[in-house]
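Geometric and topological summary
Listed below are the residues making up each chain.
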Amino acid sequence: QVQLVESGGGLVQPGGSLRLSCAASGLTFSNYVAHWYRQPAGTERELVATISKVGDSMNYADSVKGRFTISRDNSKNTVYLQMNNLKPEDTAVYYCQAFRPAWGGPEVYWGQGTQVTVSS
């Protein structure tokens, strides 16, 4: 059974930092590209950051470039999102996703999400 479990969310003041973690089990994590998405209340889920299977390539949404850093430790089956200089507009539920193309359709797994609230 595949599970992705996020942690590290919470309430932080503007300008503060948080580090999200996503621990995967039940799959060979190094075979999957990892993404972080977020979904502010009342809006659609949006892609925040992507990291390649071995962690040598990363991409970010323009809104978080220079502030967020995605990384992974395949020995721990974990992907991270370091978030610095947080802004109120970063408030959202953050989800991790593991993705792998497959002949019968992509394999996609989601975590349950962790709430990040940026407010003074």
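Scroll up to find the structure this text is about.
Below is a summary of the structure that appears in this document. (Residues numbered from 1 in each chain as written. Predicted model: local features only at pLDDT ≥ 70, side-chain atom pairs only at ≥ 80, totals over all residues. Heavy atoms only, no water.)

**So, the overall build of the chain**
- A tally of helices and strands in the chain yields zero helices and eleven strands.
- Across the chain, helices and strands are ordered from the amino to the carboxyl terminus as β-β-β-β-β-β-β-β-β-β-β.
- Against the globule reference of 14 Å for 120 residues, the chain gives a C-alpha radius of gyration of 14 Å, in line with a compact fold.
- Over its C-alpha atoms, taken along the principal directions, the chain stretches across nearly 45 × 30 × 25 Å.
- Within the span of the chain, comprising 120 residues, buried residues form 38% of the whole.
- Counted over contacts in the chain with a minimum sequence separation of 6, partners at least 24 positions apart contribute 53%.
- A distance of 5 Å separates the average location of the 10 positive side-chain charges in the chain from that of its 9 negative side-chain charges. (Helix = DSSP H or I, 4+ residues; strand = E, 2+ residues; numbered from the N terminus. Rg over C-alpha atoms; globule rule 2.2 N^0.38 Å. Buried < 20%, exposed > 50% of the residue type's maximum accessible area, 1.4 Å probe, protein only. Contact = heavy atoms within 4.5 Å. Lys, Arg positive; Asp, Glu negative; His and termini not counted. Charge placed at Lys NZ, Arg CZ, Asp CG, Glu CD.)

**Focus on the state of the cysteines**
- Applying the stated criterion to the full structure yields one disulfide.
- One disulfide in the model links Cys-22 with Cys-96; its S-S distance is 1.9 Å. Where Cys-22 bonds to Cys-96 through sulfur, the torsion about that S-S bond is close to 50 degrees, and the disulfide is right-handed. With Cys-22 in strand 3 (residues 18-25) and Cys-96 in strand 9 (residues 92-100), this residue pair connects regions lying 74 residues apart in the sequence. The burial state of Cys-22 is the same as that of Cys-96; both residues are buried. (Disulfide = S-S within 2.5 Å.)

**Regarding unusual backbone geometry**
- A positive phi angle, near 55 degrees, is found at Asn-77, a position not held by glycine.
- By secondary structure assignment, the location of Asn-77 is in the loop between strand 7 (68-73) and strand 8 (78-83).

**Re the pattern of salt bridges**
- What the rule picks out here adds up to five salt bridges.
- Among the salt bridges present, the one from Asp-62 reaches Lys-65, with a minimum N-O distance of 3.2 Å. As far as the burial class goes, Asp-62 and Lys-65 line up, both exposed.
- In this structure, Arg-67 engages Asp-90 in a salt bridge whose closest nitrogen and oxygen atoms are separated by 2.7 Å. Remark: Asp-90 occurs in the loop between strand 8 and strand 9 and Arg-67 occurs in the loop between strand 6 (58-60) and strand 7; sequence separation between them is 23 residues.
- A single salt-bridge network, built from bridges that share partners, covers Arg-38, Glu-46, Arg-67 and Asp-90. (Salt bridge = Lys/Arg side-chain N within 4 Å of Asp/Glu carboxyl O.)

**Points about the pairing of strand 7**
- The alternating pattern of strand 7 places Phe-68, Ile-70 and Arg-72 on a buried face and Thr-69, Ser-71 and Asp-73 on a face that is not buried.
- Judged from the six bridges that link them, strand 7 and strand 8 form a sheet pairing that is antiparallel. What sits directly across from Thr-69, in strand 8, is Gln-82.
- The turn joining strand 7 and strand 8, which pair antiparallel and follow one another in sequence, is formed by four residues; a positive phi near 55 degrees is taken by Asn-77. (Pairing = 2+ DSSP bridges.)

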